[in-house]
Amino acid sequence: MGYITTTDGTEIFYKDWGSGQPIVFSHGWPLSADDWDTQMLFFVRNGFRVIAHDRRGHGRSTQTSDGHDMDHYADDLAALTAHLDLHDAVHVGHSTGGGEVAHYIGRHGESRVAKAVLISAVPPIMVQTEANPGGLPKKVFDDLQSALAANRSVFYRDLASGPFYGFNRDGVEPSEAIIENWWRQGMMGGAKAHYDGIVAFSQTDFTEDLKKISVPVLVMHGDDDQIVPYADSAPLSAQLVQNGTLKTYAGFPHGMPTTQADTINADLLEFIRS
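Criteria and cut-off values
Residues numbered from 1 in each chain as written. Predicted model: local features only at pLDDT ≥ 70, side-chain atom pairs only at ≥ 80, totals over all residues. Heavy atoms only, no water. Helix = DSSP H or I, 4+ residues; strand = E, 2+ residues; numbered from the N terminus. Buried < 20%, exposed > 50% of the residue type's maximum accessible area, 1.4 Å probe, protein only. Contact = heavy atoms within 4.5 Å. Pairing = 2+ DSSP bridges. Phe/Tyr/Trp six-rings, centres within 6.5 Å; stacked < 30°, edge-to-face > 60°. Lys NZ or Arg CZ within 6 Å of the ring centre and 35° of its normal.

Enquirer: When you look at the environment of Leu118 in this model, what are you seeing that I'm missing?
Expert: Structurally, Leu118 can be placed in strand β6 (residues 113–119). Owing to a relative accessible area of 3%, Leu118 belongs among the buried residues under this scheme. For the pair Leu118 and Phe155, spaced 37 residues apart in sequence, the C-alpha separation works out to 26 Å. In this structure Leu118 touches Gly93, Gly98, Val101, Leu210, Val217, Leu218, Val219, Met220 and Ser237, once residues within four positions along its chain are discounted.

Following this line, the structure appears as structure tokens:
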């Protein structure tokens, strides 16, 4: 574990375990590298080097006032991969992290990248526009910002105990430990970073980034995702990349890497080894 310092003075915290082919994990909003613990332990036991960082303003990284946009997120990831001199890396991004991975590859190229995985990811673009009529109305994201500004602790508790993991669905037993861990990670980060991050993950258009990606890409998405609706995300992303495979999970929620870790980890391993 350690820190790197970016060109604008932001300290980015990261974990780096094991040896072998590197797998780099980019977490979702408003979480931290800790959200990947299950995956990191699984893959380090399977002979891989695993790396995960806290996005700027999140977790243990600097709670900077500025730079909470996809350009900075991608550049921070590039700085980390350069610092660790990673090659032949597999980049795995969940939710906002999927946008970070796509923009990193689109902005910095594929010279260090072997494959990519987008899990419950925000690309191509979440917000509704004339070019993206199937997106969510901007008011949805404005309301998220309002709820965060009013009482971040309550908002995060409600999100984790409800739609993020599908704990609001009939017959689904909520896990208090999972809810508390989500809340813990969220509250570690900075309110300003999380407030601005809502714009970054919802309004960034990743279409041109996706078109540039020629390495194999696995797009994994649950069809009961209440955070990033399936129809306007995964199938479109899989078509836009040059070498994409779409894997759809019936009934799985947005937070499926946590609640369905055994299934997700097995499919990730199969794709990486293929």
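Enquirer: Before we go on, may I ask you to explain the pairing of strand β1 (residues 2–5) in this structure?
Expert: Working note: regular strand, side chains alternate between the two faces of the sheet. Only one face of β1 is buried, namely the one carrying Gly2 and Ile4, since none of Tyr3 and Thr5 on the opposite face is buried. Alignment of β1 against strand β2 (residues 11–17), held across four bridges, turns out to be antiparallel. Looking across to β2, one finds that Gly2 is bridged to Tyr14. Taking the residues between adjacent antiparallel strands as the criterion, β1 and β2 are bridged by five residues, where Gly9 takes a positive phi near 90°.

Enquirer: How do you make sense of the packing of aromatic side chains when you look at a structure like this?
Expert: We describe a pair of aromatic rings using the distance from one ring centre to the other and the angle between the two ring planes. Here the structure, examined in full by the defined rule, presents 15 aromatic pairs. Where Phe141 meets Phe201, the ring centres are 6.2 Å apart and the plane angle is 80°; that geometry is what we call edge-to-face. Taken together, the residues Phe141 in helix α4 (residues 138–150) and Phe201 in helix α7 (residues 191–203) connect sequence positions 60 residues apart. Arranged with centres 5.5 Å apart and planes meeting at 35°, the rings of Tyr165 and Phe167 form a pair that is tilted. Residue classification places Tyr165 among the buried residues on the basis of a relative accessible area of 4%. Positioned above the aromatic ring of Tyr73, the side-chain terminus of Arg55 is 5.2 Å from the ring centre. The cationic tip of Lys115 hangs over the ring face of Phe271; the distance from NZ or CZ to the ring centre is 4.9 Å.

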